[in-house]
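So you can see what is in the structure, the chains are spelled out below.
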Protein chains: 2
Amino acid sequence: MISNSFLTKFKEVWAISHAMRLMGWDIETYMPPEGISYRAEEMATLNSMRRKKLLEIKADVEHLEPRDDMEAGIKRVLWREIRYIDSVPEEVDAEINKLSAESAVVWRDARVKNDFSSFKPYLDRMVELKVKVAQLLGYNDHPYSSLLDLYEEGLTVNEADGIFGSLLPDLKRVLQKVEAEGRFNSPSGLEDEPYPREIMEGVVNEIAYDVLRMPRGKFRIDSSPHPFTTGINRHDVRITVRYEGFDFKRALYSLIHESGHAIYELQMDESLEFTPLAQAPSFGVHESQSRLWENNIGRSKGFVGLIYQG
Amino acid sequence: MISNSFLTKFKEVWAISHAMRLMGWDIETYMPPEGISYRAEEMATLNSMRRKKLLEIKADVEHLEPRDDMEAGIKRVLWREIRYIDSVPEEVDAEINKLSAESAVVWRDARVKNDFSSFKPYLDRMVELKVKVAQLLGYNDHPYSSLLDLYEEGLTVNEADGIFGSLLPDLKRVLQKVEAEGRFNSPSGLEDEPYPREIMEGVVNEIAYDVLRMPRGKFRIDSSPHPFTTGINRHDVRITVRYEGFDFKRALYSLIHESGHAIYELQMDESLEFTPLAQAPSFGVHESQSRLWENNIGRSKGFVGLIYQG
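The model shown is predicted, which means the values in this text are computed figures rather than measured ones. (Residues numbered from 1 in each chain as written. Chains lettered and ligands numbered in written order. Predicted model: local features only at pLDDT ≥ 70, side-chain atom pairs only at ≥ 80, totals over all residues. Heavy atoms only, no water.)

## Focus: the overall build of chain A
At step 1: Along the backbone of chain A there are twelve helices and three strands.
At step 2: For the C-alpha atoms alone, the extent of chain A along its principal axes is close to 60 × 45 × 45 Å.
At step 3: Across the 310 residues in chain A, those meeting the buried criterion constitute 44%.
At step 4: Considering only contacts within chain A whose residues lie at least 6 apart along the sequence, 62% involve residues at least 24 apart.
At step 5: Put simply, chain A shows about 16600 Å² of open surface, and 55% of that area lies on carbon and sulfur atoms.
At step 6: Side-chain charges of chain A comprise 39 positive and 51 negative groups, with the mean position of each set lying 1 Å from the other. (Helix = DSSP H or I, 4+ residues; strand = E, 2+ residues; numbered from the N terminus. Buried < 20%, exposed > 50% of the residue type's maximum accessible area, 1.4 Å probe, protein only. Contact = heavy atoms within 4.5 Å. Areas by Shrake-Rupley, 256 points an atom, 1.4 Å probe, with all protein chains shown as cover. Lys, Arg positive; Asp, Glu negative; His and termini not counted. Charge placed at Lys NZ, Arg CZ, Asp CG, Glu CD.)

Below is the structure:
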């Protein structure tokens, strides 16, 4: 069974993780750009502490005999993390985190200037590092399987190829039919239509809070060059929207997409808080929720009619 | 001399402190209100880790034989912190931090509703806790001396009374003269004049960056019910301004006041970063800088003429 001392130690991991999520969110939203060098150093140090804490409970996790599903889940999730830490040396992990924080800022500038060459060395180095991680973690079929597992537990390249491969013939048939019948949407002219940012921010807020009924007390919307969702904790979930100044649909659907992610994060059960299970277990389910809201709901006639009349 | 292992351990304290400053800033600016319960728990856990880390280097600090002023300063500053941690048990410290985070949110609401009674129980408990801290730290002359020392190293109630006492007769004479000659500013009518927030935000930004020449890459301005300055690190200093919607001078002078604090924080020498000396040593000097900018510069004829013409 899980001891109190074990949970107390894990709570430190929990607190460090939450601090790091806020620091990551802040890098993308409000941090003054020159703050990045120290921020990267702060996060690398916290990550190193997090690793050490997890290794301190390695024996507890290894010898844990789960009494129920919850404890079995805790053991499984922690063991995955500990295996990663045991396999990937701190220097490699630290370089990935530092590079990731620094390259986010470089990418932001490069994006505005449409200048891939300034971002390329960061991307190249990241690929090198990830190949190294794949080798360190080991794999049976394909190097990427070991990295894929970090995002979607247990999924391998072969299985993913199988899933997408079986969809391909049907998708091709659908595409051919659409092309043959000329049923593409024709441009409405709205694609190039500029909007004043303040007005669009008002629309985004109204749709988020009055239509999607996002909870004001636990949710907020900021802006960033690439929209994302961060769940700091189950009472603090944040999304960002990108305002490009034209084609209001892009801001609108990034709002609905990210709200889908946020709805998933906000449904984390209270009993899981302070345990390693208080995090989304599947990127696949995460993305399915965002796309359900964006496409099946947000682009439906019913929804568009609702906000068009509103 | 200071060993590398000592500085490595201190770097963890440094990283935790920086994370906590960002978390504190976030509570006052952007955190969704219901996030506070977990945020308070996160910060209490980090503070507990910070305490443990500092106690781990207690022996190193105690036996440190400083080779120069810098090392002597590091020893002095750390020893003060360690003495506090040794004297004030974790439960007391944790309750102060938790209460402080929670009451900030209560205060924000109470302020808007002008409802002191909802804030009073938090204030009462804080006073009780601070009296306890004073007793735990010990004092010679007056209980408040031990608390005053936490803000202004070495200053006692007797000395502070001496300083303010010696100013009193002269201040009274100045006041009498002002009253006798009727030289109070008469209201200009601007005190009740409303302003649109967007316009005032533009003015605040223009004065901050174009007149005060605050560095865009290291400095940002947000808004909060009570203006404050947070130095996350020497490349990331943030102030807040309060926009009440009337009497633009109040927003303007809170900008200049907080910018004074920020200028002080931004001048932290690079050689001190990652050491315990990378924090403002004196609240008195801090406040003198903010008031110098607010009153001596900001209210001077030269400055007002400059922004009036601009």
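## Examining the interface of chain B and chain A
At step 1: With 42 residues of chain B in contact, the opposing surface of chain A contributes 42 residues.
At step 2: For the pairing of chain B and chain A, the buried interface totals around 3400 Å² over both sides, and the portion due to carbon and sulfur atoms is 63%.
At step 3: Among the residues chain B hides against chain A, the three largest losses belong to Tyr30, Pro32 and Tyr38 of chain B. Together they make up 19% of the total.
At step 4: Taken together, the connections running from chain B to chain A amount to ten salt bridges.
At step 5: Across the salt bridge formed by Glu34 of chain A and Lys218 of chain B, the nearest N and O atoms sit 3.9 Å from each other.
At step 6: Across the chain B-chain A interface, the total number found is 20 residue pairs in polar contact (both at pLDDT 80 or more).
At step 7: Residue assignment for the side of chain B that touches chain A shows that the elements contributing at least two residues are helix H1 (4-29), helix H2 (36-56), strand E1 (219-223), strand E2 (229-233) and strand E3 (236-241) of chain B.
At step 8: Sort the elements by how many residues they give to the side of chain B that touches chain A and H1 of chain B lands first, with eleven residues.
At step 9: Of the residues contributing to the side of chain B that touches chain A, the split by class is 17 nonpolar, seven polar and 18 charged. (Buried area = accessible area lost by both parts, 1.4 Å probe. Salt bridge = Lys/Arg side-chain N within 4 Å of Asp/Glu carboxyl O. Polar contact = N/O pair within 3.5 Å; in protein donor to acceptor, adjacent residues only side chain to side chain. Nonpolar A, V, L, I, M, F, W, Y, C, P; charged D, E, K, R; others polar.)

## Thoughts on the relation of the copies chain B and chain A
At step 1: Each copy of the sequence occupies a distinct position, and chain B is placed on chain A by a rotation of 180° and an axial shift of 0.0 Å, giving an RMSD of 0.1 Å. Taken together, these values place the two copies in the relation of a two-fold axis. Closest approach to the rotation axis within chain B is made by the C-alpha atom of Ala19 of chain B, at a distance of 3.1 Å.
At step 2: Comparing contact sets, 100% of the residues at the interface of chain B also lie at the interface in chain A, consistent with an isologous, same-surface contact. (Least-squares fit on C-alpha atoms with pLDDT ≥ 70 in both.)

## Some words on empty space enclosed by the protein
Residues and elements named next belong to chain A.
At step 1: Summed over the entire model, instances satisfying the criterion amount to one cavity of 30 Å³ or more.
At step 2: Of the voids in this model, the largest cavity is the one considered here, and its volume is about 70 Å³.
At step 3: Counting residues per element, the ones that place at least two in the lining of the largest cavity are helix H1 (4-29) and strand E2 (229-233). (1 Å grid on protein atoms, 1.4 Å probe; cavity = no way out; pocket = protein on both sides within 12 Å on 5 of 7 lines; lining within 4 Å. Points joined across faces, edges and corners; volume = space filled by probe spheres on them.)

## Focus: the environment of Phe10 of chain A
At step 1: Checked against the element boundaries, Phe10 of chain A lands in helix H1.
At step 2: Here the alpha-carbon distance between Phe10 of chain A and Pro169 of chain A, two residues 159 residues apart in the chain, equals 47 Å.

## Points about the sheet that holds E3 of chain B
All names here are of chain B.
At step 1: Pairing is mixed in the open sheet, where three strands are placed in the order E1-E3-E2. Unpaired on one side and paired on the other, E1 and E2 mark the two borders of the sheet. This sheet shows a mean twist of 20° between the axes of neighbouring strands, independent of strand direction.
At step 2: The sheet contact formed by E2 and E3 spans four bridges and is antiparallel. Bridge pairing in E3 places Asn233 opposite Asp236. (Pairing = 2+ DSSP bridges. Axes fitted to C-alpha atoms, helices over the stretch in contact; angles between N-to-C directions.)

## Some details on the confidence of the model for chain A
Residue and element names in this part refer to chain A.
At step 1: Mean pLDDT over chain A: 93, with 99% of residues reaching 70 or higher.
At step 2: When pLDDT is averaged over each element of chain A, strand E3 (residues 236-241) comes out on top at 98 and helix H5 (residues 90-113) at the bottom at 88.
At step 3: Taken together, the chains of this predicted complex give a pTM of 0.91 and an interface ipTM of 0.90. (pLDDT = per-residue confidence, 0-100.)

## Quick notes on the packing of H1 of chain A against H5 of chain A
Residue and element names in this part refer to chain A.
At step 1: Two elements in contact, H1 and H5, have axes separated by 10 Å at closest approach and are oriented at 20°. With respect to each other, H1 and H5 are oriented roughly parallel. The handedness of the crossing between H1 and H5 comes out as right-handed. On the side of H1, the interface is formed by Ile27, Glu28 and Thr29, while H5 contributes Ala101, Ala104, Val105 and Arg108.
At step 2: The residue inventory of the contact of H1 with H5, partitioned by class, reads four nonpolar, one polar and two charged. (Parallel < 35°, antiparallel > 145°, perpendicular 65-115°, else oblique. Left-handed = near helix turned anticlockwise from the far one by under 90°.)

## Concerning helix H5 (residues 90-113) of chain B
All names here are of chain B.
At step 1: Its 24 residues give H5 an end-to-end C-alpha distance of 34 Å, which sits within 8% of 34 Å, the value for a rise of 1.5 Å per residue.
At step 2: Among the residues of H5, Val92, Asp93, Ile96, Leu99, Ala101, Ser103, Ala104, Val105, Val106, Arg108 and Ala110 are the ones counted as buried.
At step 3: Close packing links the buried residues of H5 with H1, H2, helix H4 (69-87) and helix H6 (116-137).
At step 4: After H5 finishes, the residue Asn114 shows a positive phi value of roughly 50°. (Expected span 1.5 Å × (residues − 1).)

## A short note on a nonpolar patch on the surface
At step 1: Taken together, the side chains of Phe116, Leu123, Val127 and Val131 of chain A define a hydrophobic patch exposed on the protein surface, amounting to about 350 Å² of accessible area.
At step 2: Among the secondary structure elements, Val131 of chain A is positioned in helix H6 (residues 116-137). (Patch = residues over 30% accessible without salt bridge, like charges linked within 9 Å, V, L, I, M, F, W, Y side chains within 5 Å.)

## Section: helix H10 (residues 248-266) of chain A
At step 1: In this model H10 of chain A runs 26 Å from its N-terminal to its C-terminal C-alpha over 19 residues, within 8% of the 27 Å that 1.5 Å per residue would give.
At step 2: For H10 of chain A, the tally of buried residues reaches 16 of 19 residues, placing the bulk of the element in the interior.

## Thoughts on the sheet that holds E3 of chain A
All names here are of chain A.
At step 1: Strand order in the open sheet formed by three strands is E1-E3-E2, and the pairing between neighbours is mixed. Both outer strands of the open sheet, strand E1 (219-223) and E2, are each paired with one neighbouring strand and no more. Across the sheet, the mean angle from the axis of one strand to that of its neighbour is 20°, orientation sign disregarded.
At step 2: Two strands pair when backbone bridges link them, and E1 and E3 are joined in this way by five bridges, in the parallel orientation.

## Details of unusual backbone geometry
At step 1: Of note in this structure, Asp247 of chain A is not a glycine but carries a positive phi near 55°.
At step 2: Despite not being glycine, Asn114 of chain B has its phi angle at roughly 50°, a positive value.
At step 3: Among the structural elements, Asn114 of chain B can be located in the loop between H5 and H6.
At step 4: For Asn114 of chain B, a relative accessible area of 72% puts it in the exposed group.

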